[in-house]
Amino acid sequence: MDIDKLIDSGKHFCVLPWIHFHAWPDGKVMPCCVADSDQPVSEVKGSIMDIMNSPEYRRVRLEMLDDEGPAECKRCYDLEANGTWTLRNSQNSVRGERARDIIASTGPDGSIPDFKMLYMDIRFSNLCNFKCRSCGPGCSNLWGDEELERMGPDQFSAAFGGTDTLVSNNSGDKFLTELKPYLNDVEEVYMAGGEILVTPEHYAILQHWIDTGHCKSVKLMYTTNMSKLDHGGHKLFDYWKHFPNIEVWASLDAMGEVAELVRSGTRWEKVEANLIRIRDDMPNVNLQITPTISIWNVFDYPRLFDWVYENKLVSNNLAPRVNILTHPDHAQIAILPDYIRLELIRMYKDYVGKYAMEDDEISSQILDGFRVIVQTLWRGAEDSNKLREFFADQEVVDNIRSESITGTIPKLAEVQQWLNSQK
């Protein structure tokens with residue numbers, strides 16, 4: 001077993017199963033946030049060491065030590081086949097050397113004798129103040145409330161395993177208590193939800209690090225909907241001022257009335273004010289956007305991009321982290337009509353280079369963000385059946401929320417007209 005070779009050039013090896021902890025509100029534990037959530041490697045039950053040495057976790061480690069690709073990790077391998085830099089690539093590069101001795105201690109059965117949680121990503125609950133159209137009850141209790149009312153308790157229970165719309169892996173603070181001995185090993189934490197800034201465990205963990213002095217050595221990374229900077233008596237900046245290394249990724253897809261429709265709960269004026277507060281009052285925070293490109297926002301994202309850069313609201317040390325929506329598949333940009341995709345390709349090509357004229361790494365990453373949108377559109381194929389699913393689904397949401405997606409996004413009215421002409 002040549003650990004250095006695996007870390008430097010392994011095709012499937014990843015350090016995360018040795019140094020990372022990732023859990024969802026429903027208790028599923030996966031190798032990372034990119035892994036297949038339908039194939040958890042454990043669940044939040046028992047001790048941390050029991051979780052990290054579950055049979056599935058041990059199998060994943062053994063497969064990686066043979067540089068085989070565990071099925072749970074297929075998404076990274078697929079992305080890399082298309083030339084995309086992945087979390088696997090990044091963590092091997094950043095933490096490979098730090099993890100070398102931990103990897104070397106792996107037992108013949110794939111178990112590890114000790115666990116240092118160098119990288120942490122735990123979604124404690126689905127508590128959220130938004131009902132984004134691309135989301136659902138698993139990540140938003142408000143979505144759950146809406147679906148419970150629409151479906152009725154029997155159908156909802158059959159679909160989601162019960163009628164509780166607020167789901168948490170930390171009942172009675174048991175899981176948080178189990179985690180605390182591992183918190184001061186953390187070098188980097190990814191904070192997300194639900195909506196992390198309304199999640200009580202988030203503030204408890206920050207206070208723990210402040211009290212123990214670990215705040216100086218842990219990097220905080222957030223994805224947040226930017227709706228709140230103060231919540232439940234907690235003033236976020238009072239915590240953040242203790243942490244010198246913070247990245248905030250604003251989960252924004254569009255602006256104005258489109259943002260308010262696509263991410264229900266958004267009040268655009270408040271989001272704008274919060275972005276300005278971070279820019280002006282928190283110099284230790286690197287702020288950027290992390291849009292999810294979908295049918296809902298592909299026509300409007302460039303306007304958001306222009307606005308955040310023209311108003312100097314985002315950091316020049318980071319490039320937007322562009323995500324291409326893959327689920328639900330009826331909302332993928334790849335299924336749009338051929339002529340619409342060609343229009344979009346021309347529009348996005350105009351942006352390639354608009355803000356990236358300099359020959360540097362960040363400029364290259366900005367270019368890559370637009371290129372992945374163009375490539376996805378180029379490789380797509382119109383799919384009338386999926387588009388009908390999309391509009392049928394949106395009609396249900398529109399009726400419940402007294403909204404109109406085609407009234408708010410005119411280009412979608414055009415797509416619907418084209419679809420009707422295909423009958």
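The structure we're discussing is the one just above.
Residues numbered from 1 in each chain as written. Predicted model: local features only at pLDDT ≥ 70, side-chain atom pairs only at ≥ 80, totals over all residues. Heavy atoms only, no water.

**Topic: the overall build of the chain**
Within the chain, the secondary structure is distributed over 20 helices and 14 strands. Over its C-alpha atoms the chain spans a radius of gyration of 22 Å, differing by no more than 12% from the 22 Å that the globule rule assigns to 423 residues. Here the contacts in the chain between residues at least 6 apart in sequence split such that 74% fall between residues at least 24 apart. Charged side chains of the chain number 44 positive and 65 negative; the gap between the two group centres comes to 2 Å. (Helix = DSSP H or I, 4+ residues; strand = E, 2+ residues; numbered from the N terminus. Rg over C-alpha atoms; globule rule 2.2 N^0.38 Å. Contact = heavy atoms within 4.5 Å. Lys, Arg positive; Asp, Glu negative; His and termini not counted. Charge placed at Lys NZ, Arg CZ, Asp CG, Glu CD.)

**Examining unusual backbone geometry**
The linkage connecting G193 with the following residue, G194, adopts the cis geometry, with an omega of 25 degrees. In the segment running from H327 into P328, the intervening peptide bond is cis, with an omega of 5 degrees. Secondary-structure assignment places P328 in the loop between β14 (323–324) and α16 (338–351). For D67, which is not a glycine, the phi torsion comes out positive at approximately 55 degrees.

**Topic: the packing of helix α8 (residues 141–151) against helix α18 (residues 384–401)**
Here α8 crosses α18 at 95 degrees, and the two axes come no closer than 12 Å. The orientation of α8 relative to α18 falls into the category roughly perpendicular. Only V396, V397, I400 and R401 of α18 make contact with α8, whose side of the interface consists of W143, E146 and R150. Considering only residue class, the contact of α8 with α18 consists of four nonpolar, no polar and three charged. (Axes fitted to C-alpha atoms, helices over the stretch in contact; angles between N-to-C directions. Parallel < 35°, antiparallel > 145°, perpendicular 65-115°, else oblique. Nonpolar A, V, L, I, M, F, W, Y, C, P; charged D, E, K, R; others polar.)

**Considerations on the pairing of strand β6 (residues 188–191)**
Each regular strand displays side chains that alternate between the two surfaces of the sheet. The side-chain alternation of β6 yields two buried faces, one formed by E188 and Y190 and the other by V189 and M191. One ladder, built from two bridges, connects strand β4 (residues 119–122) with β6; its direction is parallel. When the bridges of β6 are listed, M120 appears paired with V189. Sheet analysis places β6 next to strand β7 (residues 219–224), joined by four bridges and oriented parallel. Note that in β7 the partner of E188 across the bridge is K219. For the handedness criterion, the β-α-β arrangement of β6, helix α11 (residues 200–212) and β7 is classed as right-handed. (Buried < 20%, exposed > 50% of the residue type's maximum accessible area, 1.4 Å probe, protein only. Pairing = 2+ DSSP bridges. Right-handed = clockwise from strand over helix to strand, strands pointing away.)

**Here's the deal with helix α10 (residues 174–183)**
Among the residues of α10, F175, L176, L179, Y182 and L183 are the ones counted as buried. The buried residues of α10 occupy an angular sector of 105 degrees when projected down its axis, which confines them to one face. Exposed side of α10, more than 90 degrees from the buried face: K174, T177 and P181 are the residues found there. Against the buried residues of α10 lie β1 (20–23), α3 (48–52), β4 and α11. (Arc of directions from axis to C-beta.)

**Details of the pattern of salt bridges**
Enumeration over the complete set of coordinates arrives at 28 salt bridges. R59 is the salt-bridge partner of E56, the closest N and O atoms lying 2.6 Å from each other. Taken together, the positions of E56 and R59, both in helix α4 (residues 55–65) and three residues apart, correspond to about one turn of that helix. The class for E56 is partly exposed, based on a relative accessible area of 34%. (Salt bridge = Lys/Arg side-chain N within 4 Å of Asp/Glu carboxyl O.)

**A word on the nonpolar core**
F21, W209, L220, Y222, W240, Y301 and L336 are the most contacted members of the largest nonpolar core, which has 129 residues in total. When residues of this core are assigned to their parent elements, the largest contribution, six residues, is made by helix α15 (residues 301–310). Aside from chain neighbours lying at most four places away, what touches Y301 is D253, I289, P291, I293, P320, V322, Y348, F370 and I373. (Core = buried A, V, L, I, M, F, W, Y, C linked by side-chain atoms within 4.5 Å.)

**Considerations on a negative patch on the surface**
A contiguous patch of negative charge, built from D2, D8, E97 and D101, is present on the exposed surface. Mapped onto the elements of the fold, D8 is located in helix α1 (residues 3–9). Residue D8 is classed as exposed on the basis of its relative accessible area, which comes to 66%. (Patch = residues over 30% accessible without salt bridge, like charges linked within 9 Å, V, L, I, M, F, W, Y side chains within 5 Å. Areas by Shrake-Rupley, 256 points an atom, 1.4 Å probe, with all protein chains shown as cover.)

**Examining the environment of Y182**
Position of Y182 among the secondary structure elements: in helix α10. A relative accessible area of 14% places Y182 in the buried class. Note: C-alpha distance between Y182 and M120 (62 residues apart in sequence) is 9.8 Å. When sequence neighbours within four positions are dropped, the list of residues in contact with Y182 reads I48, M49, F115 and M117.

**Thoughts on the sheet that holds β1**
The strand order β3-β2-β1-β4-β6-β7-β10-β12 describes an open sheet built from eight strands, whose pairing is mixed. Single-partner strands in this sheet number two, and they are β3 (42–43) and β12 (285–289). Pairing of strand β2 (residues 28–30) with β3 involves two bridges; the strand directions are antiparallel. Among the inter-strand pairings, K28 is bridged to a residue of β3, identified as E43. Running over the sheet, α11 touches β4, β6 and β7 and is turned about 160 degrees from β6.

**Here's the deal with empty space enclosed by the protein**
For the coordinates displayed, the defined rule picks out two cavities of 30 Å³ or more. Space inside the largest cavity adds up to approximately 90 Å³. Around the largest cavity, the lining residues are C14, L16, P17, P31, C32, A35, M64, C73, C76, Y77, L87 and R88. Breaking the lining of the largest cavity down by element, the ones donating at least two residues are α2 (16–19), α5 (74–81) and α6 (87–95). Residues belonging to the lining of the largest cavity are distributed by class as follows: eleven nonpolar, no polar and one charged. If you add up the space inside the second largest cavity, you get close to 40 Å³. Split by residue class, the lining of the second largest cavity holds four nonpolar, two polar and two charged. (1 Å grid on protein atoms, 1.4 Å probe; cavity = no way out; pocket = protein on both sides within 12 Å on 5 of 7 lines; lining within 4 Å. Points joined across faces, edges and corners; volume = space filled by probe spheres on them.)

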